[in-house]
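The chain contents come next:
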Amino acid sequence: MPTASEITGAVVNKALSLGADIAGVAGVDALRGSPSHLLYPKIGSDLDTHWPDGDKRQEVAWPAEARSVVVIGVSHPEEKPEMDWWDGKGTSGNRILMRINRDLSAWVETSFACRTWKMPYLIEKGGIFLKDAAVMAGLGCVGSNNLVITPRFGARVRFRALLLSLEAQPTGPVTFDPCQGCEQFCRRACPVDAFAEQVYSSEIMHQSILPGTDGSYDRVVCNQKMGLDIDEAVQALADQDEEQQALRTSIDAFESGTLPGAKDDYGYAVKYCRLCELGCPVGNEEPE
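Remember, it's a predicted structure, so these values are computed and weren't measured experimentally.

The next subject is the environment of Asp214. The topology assignment puts Asp214 in the loop between helix H7 (202-205) and helix H8 (219-240). Placed 68 residues apart in sequence, Asp214 and Asn146 show a C-alpha to C-alpha distance of 9.6 Å. Setting aside chain neighbours within four positions, we find Asp214 in contact with Arg187, Gln198 and Tyr200. Of the polar contacts made by the side chain of Asp214, one reaches the backbone nitrogen of Ser216; its length is 3.0 Å.

Time to look at the sheet that holds strand S3 (residues 116-118). Pairing is antiparallel across the open sheet formed by four strands, whose spatial order is S1-S2-S6-S3. Two strands in the sheet have a free side with no partner beyond their single neighbour: strand S1 (22-27) and S3. Averaged over neighbouring strand pairs, the angle between their axes works out to 25° when direction is ignored. The pairing of strand S2 (residues 68-75) with strand S6 (residues 157-164) spans eight bridges and is antiparallel. By the bridge assignment for S6, Val71 is matched with Ala161. Against the sheet, helix H1 (residues 4-17) contacts S1 and S2, and its axis sits at roughly 145° relative to S1. Each of S2, S3 and S6 is contacted by helix H4 (residues 92-112), which is oriented at about 25° to S6, the strand it contacts most.

The next subject is the environment of Tyr200. Examined against the element boundaries, Tyr200 turns out to sit in the loop between helix H6 (185-189) and H7. Considered as a pair, Tyr200 and Ile43 are 157 residues apart in the sequence and their alpha carbons are 9.8 Å apart. With residues up to four places along the chain from it excluded, the contact list for Tyr200 reads Ile43, His50, Trp51, Met205, Leu210, Pro211, Asp214, Gly215, Tyr217 and Arg219. Reaching out from Tyr200, the side chain makes a polar contact with the backbone oxygen of His50 at a distance of 3.3 Å.

On to the state of the cysteines, then. Evaluated as defined, the whole model comprises zero disulfides. Distance from the sulfur of Cys141, which forms no disulfide, to the nearest cysteine sulfur (Cys179) is 5.4 Å.

Our next topic: the packing of aromatic side chains. Using the criterion set out here, one finds five aromatic pairs in the structure. Judged by centre distance (5.3 Å) and plane angle (75°), the ring pair of Trp51 and Tyr200 falls under edge-to-face. Here the residue Trp51 occupies a position in the loop between helix H3 (35-43) and S2, and Tyr200 occupies one in the loop between H6 and H7, the gap between them amounting to 149 residues. Relative to Phe112, the ring of Trp107 has its centre 5.8 Å away and its plane inclined at 85°; by these criteria the two rings are edge-to-face. Its relative accessible area of 12% is what places Phe112 among the buried residues. Cluster of aromatic residues (ring-pair linked, three or more members): Tyr40, Trp62 and Phe129.

In this section: the side chain of Thr116. Mapping Thr116 onto the fold places it in strand S3. A relative accessible area of 10% places Thr116 in the buried class. Side chain to side chain, Thr116 and Ser105 meet in a polar contact 2.6 Å long. Of note is the side chain of Thr116, whose polar atom sits 2.7 Å from the side chain of Glu109. In contact with Thr116, other than residues within four places in its own chain, are Ser105, Val108, Glu109, Leu162, Leu163 and Leu164.

Between its terminal C-alpha atoms H4 stretches 30 Å, which fits the 30 Å expected from 21 residues at 1.5 Å a residue. Those residues of H4 hidden inside the fold are in contact with H1, S2, S3 and S6. The first or second residue beyond H4 is Ala113, which carries a positive phi of 50°.

Further remarks concern the nonpolar core. Counting residues in each nonpolar core, the largest one holds 27 residues, and the members touching the most others are Trp62, Val69, Val71, Ile128, Leu139, Phe159 and Leu163. Elements with a minimum of two residues in this core: S1, helix H2 (28-31), S2, helix H5 (130-136) and S6. Residue contacts for Trp62: discarding those within four places in its chain leaves Val28, Leu31, Arg32, His37, Met119, Gly126, Gly127, Ile128, Phe129 and Leu163. By size, the runner-up hydrophobic cluster in this structure holds 22 residues, among which are Val11, Val12, Ile72 and Leu164.

Let's shift gears to the pattern of salt bridges. If you walk through the whole model with that rule in mind, you get 10 salt bridges. A salt bridge links Arg115 to Glu65, with the shortest nitrogen-to-oxygen separation between them at 3.3 Å. Note that Arg115 is positioned in the loop between H4 and S3 and Glu65 in the loop between H3 and S2, a separation of 50 residues in sequence. On the basis of relative accessibility, which here comes to 45%, the residue Arg115 falls in the partly exposed class. Residues Asp103 and Arg102 are paired through a salt bridge, measuring 3.5 Å at the closest nitrogen-oxygen approach.

Here is what the cut-offs are and how they apply
All residue numbers refer to positions counted from 1 along the written sequence of the respective chain. Reporting in this predicted model follows two pLDDT cut-offs: at least 70 for local features of residues, and 80 or more for side-chain atom pairs to be given and counted; totals over whole chains, interfaces and linings ignore these cut-offs and use all residues. Note that water and hydrogens are dropped before the side-chain values are worked out from all heavy atoms of the structure. For helices the rule is a DSSP run of H or I covering at least 4 residues; for strands it is a run of E covering at least 2, with both sets numbered from the N terminus onward. Whether two residues are in contact is decided by their heavy atoms: any pair within 4.5 Å suffices. In protein, a polar contact requires one atom able to donate a hydrogen and another able to accept it; more generally it is a pair of N or O atoms within 3.5 Å, and residues adjacent in sequence count only if both atoms are side-chain atoms. Paired strands are those between which DSSP finds at least two bridges. Think of each axis as a best-fit line through the C-alpha atoms, taken over the contacting stretch in the case of a helix, with angles from 0 to 180 degrees between the N-to-C directions. Any cysteine sulfur atom paired with another within 2.5 Å is treated as part of a disulfide. Centre distance within 6.5 Å is the pairing criterion for rings of Phe, Tyr and Trp, where only the six-membered ring of Trp is used; planes under 30 degrees apart are then read as stacked, over 60 as edge-to-face, and the remainder as tilted. Each residue gets one of three labels from its accessible area relative to the maximum for its type: buried under 20%, exposed over 50%, partly exposed in between, using a 1.4 Å probe on protein chains only. Take the residue count of a helix, subtract one, and multiply by 1.5 Å to get its expected span. Residues enter a nonpolar core if they are buried and are Ala, Val, Leu, Ile, Met, Phe, Trp, Tyr or Cys, with the set joined through side-chain atoms within 4.5 Å. Any carboxyl oxygen of Asp or Glu within 4 Å of a side-chain nitrogen of Lys or Arg constitutes a salt bridge here.

In short, the description is geometric, and any link to function would need to be established separately.
Below, the structure is given as structure tokens:
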């Protein structure tokens, strides 16, 4: 049986060969002690509120046999905005990640005779905390814009994860914090001032690592902006076809794939705001 280090080297190299731009490994037990895992029961997944009702608080449950998490990342450069456009069934960038994850899962199970779990994106659907996992895998750090900042691509990266029943050697975390001394271009770029106030405090949350690193990230305000982005996309569709006036302007309509031309026609895409991401000066490399 290969060593934990050999497993990590083989899996990371395979992920890169399949199309990932970056990849790393973290331990599942360590992830259970990550900032987001500790915060989740307190603030939940409802983006319309800062504090959920008591009966809506949620705990996270992952497969008991899982020992390691492989985190893969694909660059979403500013020059390719269509990779991030929601088209009714997801984004083209996420479909790339899902394909890599699927192929990596098959390879790992065949190569090491182990189990894998291809994790969904959303926590409430059984996913993991991707940002925390990426940091613990040594791929970057969570920055002032509440996004993972990587040395090579800055915040312009999307992630996906694969759980393994094997003990693989973690590749992080690493010492990397480009936000120290930065002029916070990311926060200043926000069109709705989602970073204007400290929403969460260390005294209330009982931990020092908070959303936006210091609690100055208002997810409700940010989510309202995403709602406006959806409304804009629906209106653009309605302007082209009056029969579409009755379409619901909620994200459910897009997730259900009911929009005409949803798969590839970017004329109907939701172009979510990325200003805090694109405002980050870190990383400007294209994948090789």
